Amino acid sequence: MTLFRPVFVLVLVLLLVGCQKDAESTASDGVDSDGLATGSSNADFQVYKSPTCGCCGEWVEHVQHTGFSTAVHHPEDLGALKNEQGIAPQYQSCHTAVSPEGYVFEGHIPARDIAQFLESPPEGAIGLAVPGMPVGSPGMEVGDRFSPYDVLLLKEDGSSEVFRHVASASEQ
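Residues numbered from 1 in each chain as written. Predicted model: local features only at pLDDT ≥ 70, side-chain atom pairs only at ≥ 80, totals over all residues. Heavy atoms only, no water.

Focus: the pattern of salt bridges
Opposite charge on two side chains makes pairing possible when the charged atoms of those side chains draw close.
And step 1. Under the counting rule described, the total for this entry stands at 3 salt bridges.
And step 2. Residues D113 and R164 are paired through a salt bridge, measuring 2.6 Å at the closest nitrogen-oxygen approach. Of this pair, D113 sits in helix 4 (residues 111–119) while R164 sits in strand 7 (residues 160–166), and the two are 51 residues apart along the sequence. Side by side, D113 and R164 carry an identical accessibility label, which is buried.
And step 3. For K155, the salt bridge goes to E161, with nearest N and O atoms at 2.6 Å. (Salt bridge = Lys/Arg side-chain N within 4 Å of Asp/Glu carboxyl O. Helix = DSSP H or I, 4+ residues; strand = E, 2+ residues; numbered from the N terminus. Buried < 20%, exposed > 50% of the residue type's maximum accessible area, 1.4 Å probe, protein only.)

Here's the deal with the environment of D77
And step 1. As for its placement among the helices and strands, D77 is situated in the loop between strand 2 (70–73) and helix 3 (78–84).
And step 2. Remark: the alpha-carbon pair of D77 and S50, spanning 27 residues in sequence, is separated by 9.3 Å.
And step 3. Within the structure, D77 has its side chain in polar contact with the backbone nitrogen of A80 (distance 3.1 Å). (Polar contact = N/O pair within 3.5 Å; in protein donor to acceptor, adjacent residues only side chain to side chain.)

With respect to the packing of aromatic side chains
And step 1. A complete count under the given rule lists 6 aromatic pairs for this structure.
And step 2. Residues F45 and F68 carry aromatic rings whose centres are separated by 5.0 Å and whose planes lie at 65° to one another, so their mutual orientation is edge-to-face. Of this pair, F45 sits in strand 1 (residues 45–48) while F68 sits in the loop between helix 2 (54–65) and strand 2, and the two are 23 residues apart along the sequence. Across the pair, exposure class does not vary: F45 and F68 are buried alike.
And step 3. Three or more aromatic residues link up through ring pairs in this structure, and these residues are F45, F68, Y103, F105, F117 and F163. (Phe/Tyr/Trp six-rings, centres within 6.5 Å; stacked < 30°, edge-to-face > 60°.)

Treat this as a map of the structure, not an account of what it does.
Shown next as structure tokens:
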């Protein structure tokens, strides 16, 4: 019985090391734990999310399907990253995307709004946000359920204004 415990611990350690190597090779192969392409530093967006958030993965797929490229990251402290990017708590959601120009896109924003913003960024803007997780927004689809929501324009001074009101799923 005394030999069993050290052998068990050794096997457990070897399994954990093997899993870590698999995770490292997966990350270097350009795929994260959700099976999403992680992309490169040249991507249209660096996306920061929890590795366990399925709706974030669905949103990433939404923007990829519209032609944007993404690189997905799983920071240890997502809240600190949001604060560093100037996203006040009242505007936060579950994931943050950052463009090469430094614009932030917080939450389940329709890709068409991101494209419109990037075509002509308003002066004094830091990006867009859809606070919370509105049912029916990209990545938050639940059958035919939909809750109208606002896409907010975030400003350098910490304020916001409505960029666009989304009244129905067909307007996304």
